[in-house]
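Read off the chains here:
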Amino acid sequence: MPAKSAAQQKAAGAALSAKRGDTPRSKLKGASKSMVETMTEKQLEDLAHTKRAGKPEHVRN
């Protein structure tokens, strides 16, 4: 599942870093905080490795 916005891709990258132990979980904020607990490492990788070119910064529901 590719990221729909640049913000979602960045949050997934931060959550993936915390899940792997590279970043302390206490440094996470916002969406990345819930992503690290609810998503698998593979799901986070799919979101984080999405190309950012052409993506809007934010997408509203």
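> It is not clear to me how the packing of helix α1 (residues 6–20) against helix α2 (residues 31–38) should be interpreted in this structure. Could you clarify?
Angle between the axes and distance between the axes are the two parameters that describe a pair of packed helices. Here α1 crosses α2 at 55°, and the two axes come no closer than 8 Å. If you check the angle between α1 and α2, you find them oblique. Between α1 and α2 lies a crossing whose hand is right-handed. On the side of α1, the interface is formed by Gln-8, Ala-11, Ala-12, Ala-14, Ala-15, Ala-18 and Lys-19, while α2 contributes Ala-31, Ser-32, Met-35 and Val-36. For the contact of α1 with α2, the per-class residue count stands at eight nonpolar, two polar and one charged.

> Even after reading the chapter, I still don't get the environment of Glu-41, so can you show me in this structure?
By secondary structure assignment, the location of Glu-41 is in helix α3 (residues 41–48). Accessibility expressed as a relative area gives 34% for Glu-41, which makes it partly exposed. Note: C-alpha distance between Glu-41 and Arg-60 (19 residues apart in sequence) is 25 Å. Among all residues touching Glu-41, those that are not within four sequence positions of it are Leu-16, Lys-19 and Arg-20. Polar side-chain contacts of Glu-41 include one of 3.1 Å to the side chain of Arg-20.

> I keep staring at the layout of surface pockets and nothing clicks. Help me out?
A water-sized probe rolled over the atoms picks out the places where empty space is left. Space inside the largest pocket adds up to approximately 190 Å³. Every residue lining the largest pocket is counted, 10 residues in all, and those nearest its centre are Ser-5, Ala-7, Gln-8, His-58 and Val-59. It is α1 that provides the largest number of residues to the lining of the largest pocket, a total of three residues. Tallied by class, residues from the lining of the largest pocket come to five nonpolar, four polar and one charged.

> Sorry, what's going on with the nonpolar core here?
Where a protein is soluble and globular, its nonpolar side chains tend to be buried together. Ala-12, Ala-15, Met-35, Val-36, Met-39, Leu-44 and Leu-47 are the most contacted members of the largest nonpolar core, which has 13 residues in total. At the level of secondary structure, the elements contributing two or more residues to this core comprise α1, α2 and α3. Among the elements that line this core, the one with the most residues is α1, at five residues. Contacts of Leu-44, omitting those with residues within four sequence positions, involve Ala-12, Ala-15, Leu-16, Lys-19, Met-35 and Met-39.

About the criteria used
- Residues numbered from 1 in each chain as written.
- Predicted model: local features only at pLDDT ≥ 70, side-chain atom pairs only at ≥ 80, totals over all residues.
- Heavy atoms only, no water.
- Axes fitted to C-alpha atoms, helices over the stretch in contact; angles between N-to-C directions.
- Helix = DSSP H or I, 4+ residues; strand = E, 2+ residues; numbered from the N terminus.
- Parallel < 35°, antiparallel > 145°, perpendicular 65-115°, else oblique.
- Left-handed = near helix turned anticlockwise from the far one by under 90°.
- Contact = heavy atoms within 4.5 Å.
- Nonpolar A, V, L, I, M, F, W, Y, C, P; charged D, E, K, R; others polar.
- Buried < 20%, exposed > 50% of the residue type's maximum accessible area, 1.4 Å probe, protein only.
- Polar contact = N/O pair within 3.5 Å; in protein donor to acceptor, adjacent residues only side chain to side chain.
- 1 Å grid on protein atoms, 1.4 Å probe; cavity = no way out; pocket = protein on both sides within 12 Å on 5 of 7 lines; lining within 4 Å.
- Points joined across faces, edges and corners; volume = space filled by probe spheres on them.
- Core = buried A, V, L, I, M, F, W, Y, C linked by side-chain atoms within 4.5 Å.

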